[in-house]
Amino acid sequence: MSGKIYLIQSDERLQELTEQPYDTEKLLQTLLEKYHNLLAGDQMNSDSPRRWLLISREVNVPGEEASAGWLDHLFLDQDAIPTLVEVKRSSDTRIRREVVGQMLDYAANAVAYLPVEGLRARFEAACERRGDDPAQAIVEFVDAATYEDEGIEDAFWGRVKTNLQAGRIRMVFVADKIPPELKRIVEFLNQQMDPAEVLAVEIKQYVGQGLRTLVPRVIGQTAEAERKKGSSGPREAKQWDESSFFAELEARQGLASASIARKILDWAKVKMPDIYWGKGKRSGSFNPGLNHNGASHQVIGVWTSGVVELQFQYMKSHPPFDVEGKRLELLQKYSEAIGISLPEDYIHRRQSISLSQLEDAGVLQRFLTVLDWVVQEIKST
């Protein structure tokens, strides 16, 4: 039986709107694409309402040997948590159980195979088509205070990668009506899965007298699920040190990344001994420094998010790397050491590479040799 809602007009007349199903699944998909707030991020987290950055509609999820299929929408929230969305009408019988297996298949393959670089390229291309600046869009979207001194754009995409690798994702089923069978499954999965989150959003449509009202409701957040997953409220900034940095890095990125960072720190203590430990709410960092001729030189920063920041934006303020040609020479050395071609626009700002790219002992040694060259060049001025 269709429900109704009632609007009281300014002249005190009562206007009746009747619940009505969507004509097509595509219509509901289009509404989500245009009006992200229909995902009801305020209901998902009332203390810190989720905001949405649409990466793309119809995302091809790669599998081990072939495509796993096409996801209806892929969003990111302000904490860089990938949010996978599947849309079905309640009249589609697959919404009762079959869609769950489909979503879990997408999620498993996304965590294993979805390339963050491709997502970033797709987002940037969409921004350019609209005439928007991708970097500015990220800065305006996130809570900049949580990034402290990190390069926000690169750090954000680094967090996307970290979240995917950790399985920290959100799966959302969207329909005009969530059937009881799906509701039970969603509530069960959301209690059992951690750090992943499983939710459903019911978006009912009411129409009448030329008006249309959409009413979203989040389903799946039982008290037990909330207790298990704990609070995700704001954190206080902390002063990081060597002990807390490596404990956090190992917990978030694993022993291999911590070992690489340790070797970089050991190098720094000899060659760039002025070590600056960051102060941040979520991520810790250390930045090796070298004082020479009255100037403080910084070359790299290492973060508990699992990245090494190449700090060209600092280097271009002091000789000899205030000369663009010298920074291009350094960029080429980085590319040769790591074995990948780094874009030339890196020389104008902070950009990051993953610690995992330095796992091979030979690659790490070549990287440190490049840093040796940088120190020599600084000292020669």
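This section reports on the structure supplied with the text. Computed from a prediction, not measured in an experiment: that's the story for all the values here. (Residues numbered from 1 in each chain as written. Predicted model: local features only at pLDDT ≥ 70, side-chain atom pairs only at ≥ 80, totals over all residues. Heavy atoms only, no water.)

Describing the overall build of the protein chain
Part 1: A tally of helices and strands in the protein chain yields 13 helices and 16 strands.
Part 2: On the principal axes, the C-alpha backbone points of the protein chain span a range of 80 × 45 × 40 Å.
Part 3: Long-range contacts, defined as pairs at least 24 residues apart, comprise 61% of the intrachain contacts of the protein chain with a sequence gap of at least 6.
Part 4: Total accessible area on the protein chain is roughly 18,100 Å²; 48% of this is exposed by carbon and sulfur atoms.
Part 5: Where the 47 positive side-chain charges of the protein chain centre and where its 57 negative ones centre are 3 Å apart. (Helix = DSSP H or I, 4+ residues; strand = E, 2+ residues; numbered from the N terminus. Contact = heavy atoms within 4.5 Å. Areas by Shrake-Rupley, 256 points an atom, 1.4 Å probe, with all protein chains shown as cover. Lys, Arg positive; Asp, Glu negative; His and termini not counted. Charge placed at Lys NZ, Arg CZ, Asp CG, Glu CD.)

Structural notes on helix H1 (residues 25-34)
An α-helix turns once per 3.6 residues; consequently, residues spaced three or four apart project the same way.
Part 1: Within H1, the full set of buried residues consists of Leu 28, Gln 29, Leu 31 and Leu 32. Taken end-on, H1 shows its buried residues confined to a sector of 160°, consistent with a single buried face. Seen from the buried face of H1, the exposed residues on the opposite side, beyond 90 degrees, are Lys 26 and Lys 34.
Part 2: On its buried side, H1 packs onto strand S3 (53-62), strand S4 (67-76), strand S5 (82-87), strand S6 (170-175), strand S7 (197-208) and strand S8 (211-219). (Buried < 20%, exposed > 50% of the residue type's maximum accessible area, 1.4 Å probe, protein only. Arc of directions from axis to C-beta.)

With respect to the side chain of His 297
Part 1: Within the fold, His 297 resides in strand S13 (residues 295-298).
Part 2: Relative accessible area serves as the criterion here: at 7%, His 297 is assigned to the buried category.
Part 3: Residues within four places of His 297 in sequence aside, it is in contact with Met 272, Pro 288, Gly 289, Leu 290, His 292, His 318, Pro 319 and Ile 378.

Looking at helix H3 (residues 98-113)
Part 1: End to end, H3 covers 23 Å across 16 residues, agreeing with the expected 22 Å (1.5 Å per residue, within 8%).
Part 2: When H3 is considered as a whole, its buried residues turn out to be Val 99, Val 100, Met 103, Tyr 106, Ala 107, Asn 109 and Ala 110.
Part 3: On its buried face, H3 is in contact with S3, S4, S5, helix H6 (152-166), S6 and helix H7 (180-192). (Expected span 1.5 Å × (residues − 1).)

Quick notes on the pattern of salt bridges
Part 1: For the structure shown, the criterion picks out 22 salt bridges.
Part 2: Asp 79 is paired through a salt bridge with Arg 50; the nearest N and O atoms lie 2.8 Å apart. Of the two residues, Asp 79 sits in the loop between S4 and S5 while Arg 50 sits in the loop between helix H2 (41-44) and S3, which places them 29 residues apart along the sequence.
Part 3: Residue Lys 326 pairs with Glu 329 through a salt bridge whose shortest N-O separation is 3.5 Å. Here the residue Lys 326 and the residue Glu 329 both occupy positions in helix H12 (residues 324-338), the gap between them amounting to three residues, near one helical turn.
Part 4: What makes Glu 329 partly exposed here is its relative accessible area of 34%.
Part 5: Among the ionic contacts, a cluster of salt bridges with common partners joins Arg 50, Asp 77, Asp 79, Arg 170 and Glu 197. (Salt bridge = Lys/Arg side-chain N within 4 Å of Asp/Glu carboxyl O.)

Points about the environment of Thr 222
Part 1: Structurally, Thr 222 is set in the loop between S8 and helix H8 (223-229).
Part 2: By relative accessible area, which is 16% here, Thr 222 ends up buried.
Part 3: Along the primary structure Thr 222 and Phe 188 are separated by 34 residues, whereas in three dimensions their C-alpha atoms are 9.1 Å apart.

Thoughts on the packing of aromatic side chains
Part 1: Tallied over the full model, the rule gives eleven aromatic pairs.
Part 2: Here the aromatic rings of Phe 156 and Trp 157 are separated by 5.6 Å at their centres, their planes lie at 80°, and the arrangement is edge-to-face. Trp 157 carries the same exposure label as Phe 156, and that label is buried.
Part 3: Ring geometry for Phe 312 against Tyr 334: centres 6.1 Å apart, planes inclined by 85°, an arrangement best described as edge-to-face. Linking Phe 312 in helix H11 (residues 312-315) with Tyr 334 in helix H12, this pair joins segments that are 22 residues apart in sequence. Across this residue pair, the class does not change: Phe 312 and Tyr 334 are buried.
Part 4: Ring-pair connections join several aromatic residues into one group, and the members of that group are Phe 123, Phe 141, Phe 156 and Trp 157.
Part 5: Over the aromatic face of Phe 141 sits the side chain of Arg 51, whose NZ or CZ is 5.6 Å from the ring centroid. (Phe/Tyr/Trp six-rings, centres within 6.5 Å; stacked < 30°, edge-to-face > 60°. Lys NZ or Arg CZ within 6 Å of the ring centre and 35° of its normal.)

As for the nonpolar core
Part 1: Residues Ile 264, Tyr 334, Leu 358 and Phe 367 are the most contacted members of the largest nonpolar core, which totals 42 residues.
Part 2: Elements with a minimum of two residues in this core: helix H9 (242-253), helix H10 (255-271), strand S12 (285-292), strand S14 (300-303), strand S15 (307-311), H11, H12 and helix H13 (361-379).
Part 3: Considering every element that reaches this core, the biggest residue donor is H13, with ten residues.
Part 4: When residues no more than four places from it in sequence are discounted, the contact partners of Tyr 334 are Val 299, Ile 300, Leu 310, Phe 312, Leu 342, Phe 367, Val 370 and Leu 371.
Part 5: Of all hydrophobic cores here, the second largest spans 41 residues; its members include Ala 80, Ala 107, Phe 173 and Ala 175. (Core = buried A, V, L, I, M, F, W, Y, C linked by side-chain atoms within 4.5 Å.)

Focus: the packing of helix H4 (residues 116-130) against helix H5 (residues 134-141)
Part 1: At a closest axis distance of 9 Å, the pairing of H4 and H5 adopts a crossing angle of 105°. Our classification of the angle between H4 and H5 gives roughly perpendicular. Side by side, H4 and H5 meet where Phe 123, Glu 124 and Cys 127 of the first sit next to Pro 134, Ala 137 and Ile 138 of the second.
Part 2: For the contact of H4 with H5, the class distribution of residues is five nonpolar, no polar and one charged. (Axes fitted to C-alpha atoms, helices over the stretch in contact; angles between N-to-C directions. Parallel < 35°, antiparallel > 145°, perpendicular 65-115°, else oblique. Nonpolar A, V, L, I, M, F, W, Y, C, P; charged D, E, K, R; others polar.)

Things to note about unusual backbone geometry
Part 1: Of note, the amide linkage connecting Asp 194 to Pro 195 takes the cis form, showing an omega dihedral of 15°.
Part 2: Here Glu 58, not a glycine, exhibits a phi torsion of approximately 60°, which is positive.
Part 3: Within the chain, Asn 293 stands out as a residue other than glycine whose phi angle is a positive 55°.
Part 4: Tracing the sequence through the fold places Asn 293 in the loop between S12 and S13.

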